[in-house]
Every structure is written in structure tokens, then in C-alpha cells.
Amino acid sequence: MAVTNEVQLKVENIHMAFGGVQALLGVSFEVKKGEIFSIIGPNGAGKTVLLNCINGLYTPQKGKVSFEGEDISRLKPYQRAQWGISRTFQKLELFRGATVLDNIRLGRHIHMKSGLLSCSLYFGKTAREEIEHRDFIEREIIDLLEIEHIRHKVVGMLPYGLQKRVELARALALNPKVILLDEPLAGLNLEEVEDMARFILDINEEERWQTTCVLVEHDMGVVMDISHRVMALNFGEKIAEGTPPEVQKNPNVIKAYLGEAEDLYVTRR
Amino acid sequence: MSYRPCGVYHQFYRQDHAWWQTKFVWGKMIFLGIFIFVLFPKFAGMYLISVANVVGYTILSAMGVQLLIGYCGQITLGHAAFLAMGAYTCTLLMLQLHIPYPIAMIFGGVVGGIWSVLFGLPSARVKGFYLIMTTMAAQFLTVEFFITQYVSQIGGRGVAFSIPPGTVKIGPWMIRNDLDVYYLMAILVVIFTFIMANLGRSKIGRAWIAIRDNDIAAETMGVNIVYYKLLAFFVAGFFGGIAGAFWVTSLAAVSPEHFHFGWSLWLVGVILIGGVGNIHGVIFGSLFMTLIPEGLKFFIFILTQNPFFVNIMPFLPLLLEKFLFVKEAAFGLAIVLFLIYEPNGLSYRWWQIKNYFNLWPFSY
Ligand SMILES: Nc1ncnc2c1ncn2[C@@H]1O[C@H](COP(=O)(O)OP(=O)(O)OP(=O)(O)O)[C@@H](O)[C@H]1O
Ligand SMILES: [Mg+2]
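Residues numbered from 1 in each chain as written. Chains lettered and ligands numbered in written order. Predicted model: local features only at pLDDT ≥ 70, side-chain atom pairs only at ≥ 80, totals over all residues. Heavy atoms only, no water.

### Details of the interface of chain A and chain B
- Taken residue by residue, the interface counts 41 residues in chain A and 30 residues in chain B.
- In total, about 3200 Å² of surface goes out of reach between chain A and chain B, with carbon and sulfur atoms giving 66% of it.
- Linking chain A with chain B are 1 salt bridge, by the criterion used here.
- Between Glu130 of chain A and Arg206 of chain B there is a salt bridge; the shortest N-O distance is 3.1 Å.
- At the junction of chain A and chain B, the tally comes to 7 residue pairs in polar contact (both at pLDDT 80 or more).
- Looking at the side of chain A that touches chain B, the elements that each hand over two or more residues are helix H2 (77-83), strand S6 (85-87), helix H3 (100-107), helix H4 (116-121), helix H5 (125-145) and helix H6 (160-173) of chain A.
- Take the side of chain A that touches chain B: its biggest share by element is 6 residues, from H5 of chain A. (Contact = heavy atoms within 4.5 Å. Buried area = accessible area lost by both parts, 1.4 Å probe. Salt bridge = Lys/Arg side-chain N within 4 Å of Asp/Glu carboxyl O. Polar contact = N/O pair within 3.5 Å; in protein donor to acceptor, adjacent residues only side chain to side chain. Helix = DSSP H or I, 4+ residues; strand = E, 2+ residues; numbered from the N terminus.)

Quick look at the structure:
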């Protein structure tokens, strides 16, 4: 979908320290509805910490996170999920002993309405609901991400690339408004990277999804290709923000990546 | 994960969601039902019935432990406290207020559930070892302190509440002997299994399993962790309360020593041996933990009948007299052996055998 002018996610002046380590020093930015907004930066820049602050796993010492105009800084992660913020993790956080389908089903949790009594009896309401959500998962998610062949497989047994895909599937099952993707391409081979980049574009562009994406990624080729805007972090501070070409040319960014300069221009081949 | 026999295809998701997916399995289950409700009570003697009642009581008691430990990952060492709350609530309501047994039993479940939530509250903050300590506190505060010191004094009856014959009846059905207890037990086991299995395959059970496996991911996916943990404590306590209220039927008198710490430990042993995280584990574990000691007792009894063995092993009659010690030693040994040789429990072996036959004659 076209990028709108409506601000969907707003982060203001986030400070986050772990003991003596200053992970974030007053980071602010806005993500517009319908955007692919990427966050780049060298290792340890604070990208993961920033995502954790947005989805509520960490509580920053200072700063504010607003979602669709409402302050959500005080909400718990599960409440932010109910608001429509979903995410994947840099180090996979899957339910390894469960099947692919059960992992994805958990993503439907907030949309299921059965209470204790109807879950205990199962017949009628809960059974109907289970079928409806199964149908949703099969039609919308498994089909989109091309994981039909592994739906009954135990996740822990799958190759890494497919596990990453299952995690995306689970995050998507939430039917989120914003999806935070923490290094979805890390550790994938070239073919898998292409697939994954296509999926990200799909969930951003397809009529059905139109999901805003916040993407943390080291693969500059993909980042510069698919992002609408890019923000660069270094040592917990924002050093640049703008369209991909602007950020690529920014002297601060080039300095931050000194020594790994070619990262900025060369795609993985 | 289990495999369907080859050649079974589904057209609707409904079929894939069903418990018993082939006619063969339906047949097996119907046979099992006939066996439990007709054949066994008809042909088993009084001794076997009483053993079956202990197995059933163990299943009912261990179901809540399985829910907390196996499904939700909250280790509990004080489950007997909730059994006791259920048993005492039920007994007091019957004796003091003359409330009919089924209603008193449900009250027992609710009180057990609320009591359990009370001691589950720390689980919002603490995990693992510290939670074990708080659940142990539940055991000692409830049974050794609250019930022994205060509840037992109600009505001035002393330590035990004796239940006059004829008190326990469900409508016109008077529960008088072991056979009546057996039928009640069988019905409750079916209901518990039904509820547990349904919870396991719907929203609530999935949330519990998610918390057990990865609480960060669960919370990120919108699961209210504190709420679902407390819900687990409530349902487990409710199961416990009902189990305790059920056991009242086969006790002549309710007293604190029926709910001692050893029983809490025993229940954890049941699910460790049976298998953690599934209902089969509860059933296999209860069968194993009841039948093996009974078998052992029977074996020692046979030996004592023969003067030859008594001559070479003069301690045999003493063993029989003090069988409790043998039982506890066997319990310890069984746990150790299982943890070393069969850490997934009996139910895992069961899956393997079942899958083997489903896939037979091909091994993949
Ligand atoms: N839970 C924590 N406790 C203490 N320090 C932490 C914690 N999480 C992150 N940090 C520190 O915060 C800084 C930023 O870490 P972060 O994980 O956000 O980096 P990153 O930008 O995601 O890097 P990478 O590209 O390697 O994933 C690092 O110095 C890290 O050591
Ligand atoms: Mg990171």
C-alpha cells in the first residue's frame, strides 16, 4: 500500500541503561502507516533493545512510546500485542516442542474468545472457533509463506531457515497493524533471503495485509532495496534518518561503519 | 507427534481436529468403555476393585499436578493441601449443614481452586525454586497448621471427622461400598480426562503450554501470563478439591494424615514416571505407582506363606508389617531409575509403540 502520512508509531526520547551500559540515549522517531521503516547500525548499537522497548519487554527509564496517538508506554507486552504490535526475534523464540500449526495457532490467541467453560466442553462454540481459526491460518498464512508441507512437523526439528519463516508466520497470525522484525534475514542462504524479502514486501504491500513493518537488518542490499525510510543507530544514538540514498550518503553513517564500509554498498553475493 | 495409519486422508479440518480419527480407534475406545464400566466391575473381586479405586484416586489427584507441572511449567509440591481443602469443605458441608454430596463436592472443588490461586499468587513474581518453596508452604500451612489446629476442632469432634454410613449419596444412589466408589471414580476419571484433553487442545491449554515452553514469546503473542498462571492454579486446585471430595467416600473418617506431604511428593512422582505434559502420563503413572507396590506386597506375602523362604529371609514378615517403608523405598528407586533410563516417562514409550504399529511394516 502506499505510504500514508498518518503516524502510526511514535517513539520519543527513549533512554535505556543496563547498570552502567547506556544502550539507548534519547532515541526518537516516527513510523508512518504503511511504511517499511528500517533500523540499521553496527553490532551493539541498541537496535534489539529499541524493539524490546517498543513491544514492552523492556521498560525504558525515560521516554514515551505512542501507538496510533495513544501513549502505550505503561502497557505490558501482551497488551501491546492486543493493540496490534507483533514481532519476531533475532534469536528465535519459538515453541520448539510444538508443531508448526500449534506455534501459529498461538498467534491467534488474542482473537479467540472461548472461556474456561466452553474450552472444557469443546463442543459447539470452541470447536467452531478452532475450525474458523484453522481455516484462517491455512488460507491466509500457511499459503502466503509457503509452509504447507511442514504444518504438522515439530518446529525444533526444522532447518533454521524454515524456523525463521514459522516465526514470521506466528507473528503474522496475530493480524498485526505493526510488525517488528529483528534481523529476519540473518543466517539465511541467498535463496531464503530472497524468499524472506519477498514475504516482507507481500505483507507490506498486499491489499489483504498492508502491515507497517519495522525492520532491523544488517543486510544492506535488502534494506536499501525495500525500505521506504531508514534510521541509523550507533552507540544508542540516532545518527541519521531518511530515504535509503540519503542514509547511504550520510557521513556519520559511513564513519560508524568504518572498516565495514563495503557493507553499505555491497549486497551479499 | 503421532502418525495416522497410512491411507487415512481428511477432507475437512474438523476431521483433523477430532480425537479419534479412525473407526478402529472408535472401536478401541468403545471397548475400553465397556471394559471399565461393565466387564471389570462384574468380574473383578473386591480386592481388585479397591486397588482400582486407589488407581482412580491417584489419577484424579495427579491430574492437577500434571496441569501445573506438565502443562503450565509451574512446579508444585503442595498439592495435597488442595485435596485436603476439598475433602474438608465437602465433609463439613455435609455434616454441619447437611448439604447434598454432589453440591458439597463442587463447593469442595471451588474452595480447593481458590485456595490454590492464593498460593499461586507468588508465581506472578517468582519461578522455579522459589515457587517450589511457596507451594511447600501451602502444604504445611494448610494441612499441618490450618486444618490440624483449627478446622479439626470444628464441632468438637477431635482430630477426625467420621462420616456416618449413608451420608454420602447422589440423589437416590447411596455410596456404601467399594463398588459404588468404583463407579463414581470411573465417572469422575472420564470427566477429568475429557476436560483436561479439551483444555489441552483449545486456547487455554495452548496458552499454558506456551508459558511453559517460552514465556517471553507467549507474552509477546498476547498471552496474559499472570492471568493464565493463576487460571492454571485455579483449575488444578479445582481438580484437587474434587479429588479430595471424592476420596471422602472411601474413608471412614477424614483426618489430616490422609493429606500429608508424602502424598504431594508421590503425585509428582506419578507424573515423572508416567510422563510429563500429557494425560496418558497421569494414567500410566497412576497405574504403575499403584500396581507395582501392590504386586510387590503380594509377592512378599506369597514368600511369607512358605516356611522355606521365611527361614532363609527371617525379616520377611517384618517387611510385610512395615510395608510402607518398602513402598517408599521402591518409590525412590523407581524415580531414580526412570530419570536415568526413561526420562520421558511411560507415555513416551506408549507413543513409540503405537506409532510403530501405525507405520508397520515400514519403520518410517
Ligand atoms: N538485558 C541486557 N542486559 C545488559 N545489557 C544489555 C542487555 N540487552 C542489551 N544490552 C546491551 O545493550 C547494547 C545494545 O544491545 P543490542 O542487543 O540492542 O544491540 P543490537 O544493535 O541489536 O546488535 P546486534 O546487531 O548484534 O543484534 C549492547 O551493549 C548490549 O550488551
Ligand atoms: Mg540485535
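### Notes on the sheet that holds strand S3 (residues 36-40) of chain A
Residues and elements named next belong to chain A.
- If you trace the 6 strands from one edge of the open sheet to the other, you get S6-S7-S8-S3-S9-S10, paired in mixed fashion. Looking at the sheet topology across the chains shown, the edges are occupied by S6 and strand S10 (237-242). Adjacent strand axes in the sheet meet at a mean angle of 20° when their direction is disregarded.
- One ladder, built from 4 bridges, connects S3 with strand S9 (residues 229-234); its direction is parallel. (Pairing = 2+ DSSP bridges. Axes fitted to C-alpha atoms, helices over the stretch in contact; angles between N-to-C directions.)

### Examining the coordination of the magnesium ion (ligand 2)
- Of the protein atoms, only Thr48 of chain A (OG1) and Gln90 of chain A (OE1) coordinate the magnesium ion (ligand 2), at distances of 1.9 to 2.1 Å. Separated by 42 residues along the polypeptide, Thr48 of chain A in helix H1 (residues 47-55) and Gln90 of chain A in the loop between S6 and H3 bring together distant segments of the chain. (Donors = N, O, S within 2.8 Å, 3.2 Å for Na, K, Ca; no water.)

### A short note on the site of ligand 1
All names here are of chain A.
- Around ligand 1, the surrounding shell holds 14 residues, and the nearest of these are Asn43, Lys47, Thr48, Gln90 and His218.
- The contact in question runs from a nitrogen atom of ligand 1 to an N or O atom on the side chain of Tyr58, over 3.1 Å.
- Between ligand 1 and Glu183 there is a distance of 3.3 Å, counted from an oxygen atom to a side-chain nitrogen or oxygen.
- Alone, ligand 1 offers 630 Å² of accessible surface; in the complex the protein occludes 65% of this.
- Listing elements by their share of the shell around ligand 1, those giving two or more residues are strand S2 (21-32) and H1.
- When residues of the shell around ligand 1 are assigned to their parent elements, the largest contribution, 3 residues, is made by H1.
- For the shell around ligand 1, the per-class residue count stands at 6 nonpolar, 6 polar and 2 charged. (Near = heavy atom within 4 Å. Areas by Shrake-Rupley, 256 points an atom, 1.4 Å probe, with all protein chains shown as cover. Nonpolar A, V, L, I, M, F, W, Y, C, P; charged D, E, K, R; others polar.)

### A short note on the pattern of salt bridges
Residue and element names in this part refer to chain A.
- As enumerated under the stated definition, the model contains 19 salt bridges over all chains in all.
- For Glu30, the salt bridge goes to Lys10, with nearest N and O atoms at 3.9 Å. Of this pair, Glu30 sits in strand S2 while Lys10 is found in strand S1 (residues 7-18), placing the two residues 20 residues apart along the sequence.
- Owing to a relative accessible area of 30%, Lys10 belongs among the partly exposed residues under this scheme.
- Taking the shortest distance from any N to any O, the salt bridge between Arg208 and Glu140 comes out at 2.8 Å. Of this pair, Arg208 sits in the loop between helix H7 (190-205) and strand S8 (212-216) while Glu140 sits in helix H5, and the two are 68 residues apart along the sequence.
- Arg208 gets classed as partly exposed once you look at its relative accessible area, which sits at 31%.
- What makes Glu140 buried here is its relative accessible area of 19%. (Buried < 20%, exposed > 50% of the residue type's maximum accessible area, 1.4 Å probe, protein only.)

### So, the side chain of Thr88 of chain A
- Relative to the helices and strands, Thr88 of chain A is located in the loop between S6 and H3.
- Excluding residues that lie within four positions of it along the chain, Thr88 of chain A makes contacts with Glu167, Leu168, Ala171, Leu180, Leu181 and Asp182 of chain A.

### Examining the nonpolar core
- Counting residues in each nonpolar core, the largest one holds 103 residues, and the members touching the most others are Trp208, Phe246, Val254 and Phe259 of chain B.
- Other than its neighbours up to four places away in sequence, Trp208 of chain B contacts Leu67, Tyr71, Cys72, Leu199, Tyr228, Leu231, Ala232 and Val235 of chain B.
- Counting 37 residues, the second-largest nonpolar core is a separate cluster that includes Leu101, Val155, Val222 and Ile226 of chain A. (Core = buried A, V, L, I, M, F, W, Y, C linked by side-chain atoms within 4.5 Å.)

### A few points about H1 of chain A
- Burial within H1 of chain A is extensive, with 8 of its 9 residues counted as buried.
- Where H1 of chain A ends, the next residue or the one after it, Gly56 of chain A, has phi of about 95°, a positive value.

### Let's talk about the packing of helix H11 (residues 261-274) of chain B against helix H15 (residues 323-341) of chain B
Residues and elements named next belong to chain B.
- Between H11 and H15, the least distance of the axes is 10 Å, while the angle of their chain directions is 35°. Between H11 and H15 lies a crossing whose hand is left-handed. Together, Leu265, Trp266, Gly269, Leu272 and Ile273 of H11 and Lys327, Phe331, Ala334, Ile335 and Phe338 of H15 make up the contact between the two elements.
- Tallied by class, residues from the contact of H11 with H15 come to 8 nonpolar, 1 polar and 1 charged. (Left-handed = near helix turned anticlockwise from the far one by under 90°.)

### A look at the domain arrangement of chain A
All names here are of chain A.
- Looking at the assigned domains, one finds that chain A contains domain 1 (1-84 + 176-269) and domain 2 (96-173).
- The C-alpha centroid of domain 2 is placed 27 Å from the C-alpha centroid of domain 1.
- Counting from both sides, the interface comprises 21 residues of domain 1 and, opposite them, 14 residues of domain 2.
- When domain 1 packs against domain 2, close to 1400 Å² is buried across both sides, 69% of that on carbon and sulfur atoms.
- Interface area lost by domain 1 to domain 2 is led by Met196, Phe199 and Trp209, which between them contribute 35%.
- Here domain 1 is connected to domain 2 by 3 residue pairs in polar contact (both at pLDDT 80 or more).
- Counting residues per element, the ones that place at least two in the side of domain 1 that touches domain 2 are H2, strand S7 (178-182) and H7.
- At 7 residues, the largest contribution of residues to the side of domain 1 that touches domain 2 is made by H7. (Domains from an automatic or database assignment.)

### Observations concerning empty space enclosed by the protein
All names here are of chain A.
- Tallying each qualifying case throughout the model produces 2 cavities of 30 Å³ or more.
- Taken as a whole, the largest cavity spans an internal volume of roughly 40 Å³.
- Around the largest cavity, the lining residues are Thr88, Lys164, Glu167, Leu168, Asp182, Pro184 and Met196.
- Sort the elements by how many residues they give to the lining of the largest cavity and H6 lands first, with 3 residues.
- Classifying every residue of the lining of the largest cavity gives 3 nonpolar, 1 polar and 3 charged.
- Each of domain 1 (1-84 + 176-269) and domain 2 (96-173) gives at least three residues to the lining of the largest cavity.
- Lining the second largest cavity, in full, are Gly161, Arg165, Leu188, Glu192, Asp195, Met196 and Phe199.
- Elements with a minimum of two residues in the lining of the second largest cavity: H6 and H7.
- Considering every element that reaches the lining of the second largest cavity, the biggest residue donor is H7, with 4 residues. (1 Å grid on protein atoms, 1.4 Å probe; cavity = no way out; pocket = protein on both sides within 12 Å on 5 of 7 lines; lining within 4 Å. Points joined across faces, edges and corners; volume = space filled by probe spheres on them.)

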